[in-house]
Amino acid sequence: MPGHGRRRARIAFSDAAAKQLESITREAEIHALDRALVVISVDPGIGEPIPGDTTGPQLRQYTDEVEAVRVLYFVTALRTVVVVAYIEV
């Protein structure tokens, strides 16, 4: 029986990111964000660290060049990806 691969990370949203989600109305925006979240859930370390305060979890950014969207997030000790914001680039 083949072994299982690594599980995808769980995705959660900060209050600010949840408000952003509520304002999405176009199908293309939903698709772009979904694509970026799939990539991040498979490999939470894919994003680049954002320099700054080192007292809390390291804030990271991932930019999907195909969909032109940037996601700001951090990863918890239990491997949950917490989305802080997304930006269309």
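Residues numbered from 1 in each chain as written. Predicted model: local features only at pLDDT ≥ 70, side-chain atom pairs only at ≥ 80, totals over all residues. Heavy atoms only, no water.

Undergrad: Please explain the overall build of the protein chain as it appears in this structure.
TA: Helix and strand counts for the protein chain stand at two helices and five strands. Moving toward the C terminus, one meets the helices and strands of the protein chain in the order β-α-α-β-β-β-β. Overall, the C-alpha framework of the protein chain stretches about 45 × 40 × 25 Å when taken along its three principal axes. For the protein chain, the proportion of its 89 residues judged to be buried stands at 31%. (Helix = DSSP H or I, 4+ residues; strand = E, 2+ residues; numbered from the N terminus. Buried < 20%, exposed > 50% of the residue type's maximum accessible area, 1.4 Å probe, protein only.)

Undergrad: Where do I start with the pairing of strand 3 (residues 60-64) in this structure?
TA: As a general feature of sheets, a regular strand has side chains that alternate between the two faces. Within strand 3, four of the five residues are buried, leaving the element largely enclosed by the surrounding structure. Judged from the five bridges that link them, strand 3 and strand 4 (residues 69-75) form a sheet pairing that is antiparallel. Of the residues in strand 4, the one forming a bridge with Tyr62 is Val71. (Pairing = 2+ DSSP bridges.)

Undergrad: Would you explain the pattern of salt bridges in this entry?
TA: A side chain with one charge can pair with a side chain of the opposite charge if their charged atoms come near. The tally for this structure, following the rule as stated, stands at two salt bridges. Among the salt bridges present, the one from Glu29 reaches Arg26, with a minimum N-O distance of 3.4 Å. For Arg35, the salt bridge is made with Asp64, and the minimal N-O distance between the two is 2.8 Å. Here Arg35 is found in helix 2 (residues 27-42), whereas its partner Asp64 is found in strand 3, with 29 residues between them in sequence. (Salt bridge = Lys/Arg side-chain N within 4 Å of Asp/Glu carboxyl O.)

Undergrad: Is there a simple way to explain the confidence of the model for the protein chain in this structure?
TA: Do not read the fine detail of predicted coordinates wherever pLDDT is low. For the protein chain, mean pLDDT is 88; residues scoring 70 or higher make up 91% of the total. At the level of individual helices and strands, the protein chain shows its lowest average pLDDT in strand 5 (residues 80-88), which scores 91, and its highest in strand 1 (residues 10-13), which scores 96. (pLDDT = per-residue confidence, 0-100.)

Undergrad: Explain the nonpolar core to me, please; I cannot follow it from the model alone.
TA: Burial of nonpolar side chains together is a common tendency in soluble globular proteins. Residues Leu33, Ile40, Val71, Tyr73, Val81, Val83 and Tyr86 are the most contacted members of the largest nonpolar core, which totals 15 residues. Counting residues per element, this core draws most heavily on helix 2, which supplies five residues. The residues touching Val83, leaving out its near neighbours within four places in the chain, are Ile11, Ala12, Phe13, Ser14, Ala17, Leu37, Val71, Leu72 and Tyr73. (Core = buried A, V, L, I, M, F, W, Y, C linked by side-chain atoms within 4.5 Å. Contact = heavy atoms within 4.5 Å.)

Undergrad: Just to check I follow, could you spell out helix 2 for this structure?
TA: Owing to its 3.6 residues per turn, the α-helix brings residues three or four apart onto one side. The terminal C-alpha atoms of helix 2 lie 23 Å apart, and with 16 residues this matches the ideal 22 Å at 1.5 Å per residue to within 8%. Looking at helix 2, one finds that the buried residues are Glu29, Ala32, Leu33, Ala36, Leu37, Ile40 and Ser41. Seen end-on, helix 2 carries its buried residues on one side only, within an arc spanning 165°. Lining the buried residues of helix 2 we find strand 1, helix 1 (15-22), strand 3, strand 4 and strand 5. (Expected span 1.5 Å × (residues − 1). Arc of directions from axis to C-beta.)

Undergrad: Teacher, can you tell me more about the sheet that holds strand 3 here?
TA: Consider a sheet: its strands pair through backbone hydrogen bonds, and that pairing is either parallel or antiparallel. If you trace the five strands from one edge of the open sheet to the other, you get 1-5-4-3-2, paired in mixed fashion. A single partner strand is all that each edge strand has here, and the edge strands are strand 1 and strand 2 (48-49). Two elements, strand 4 and strand 5, share seven bridges in a ladder whose sense is antiparallel. What sits directly across from Val71, in strand 5, is Tyr86. Docked against the sheet, helix 1 engages strand 1 and strand 5, running at close to 50° with respect to strand 5. Against the sheet, helix 2 contacts strand 1, strand 3, strand 4 and strand 5, and its axis sits at roughly 40° relative to strand 4. (Axes fitted to C-alpha atoms, helices over the stretch in contact; angles between N-to-C directions.)

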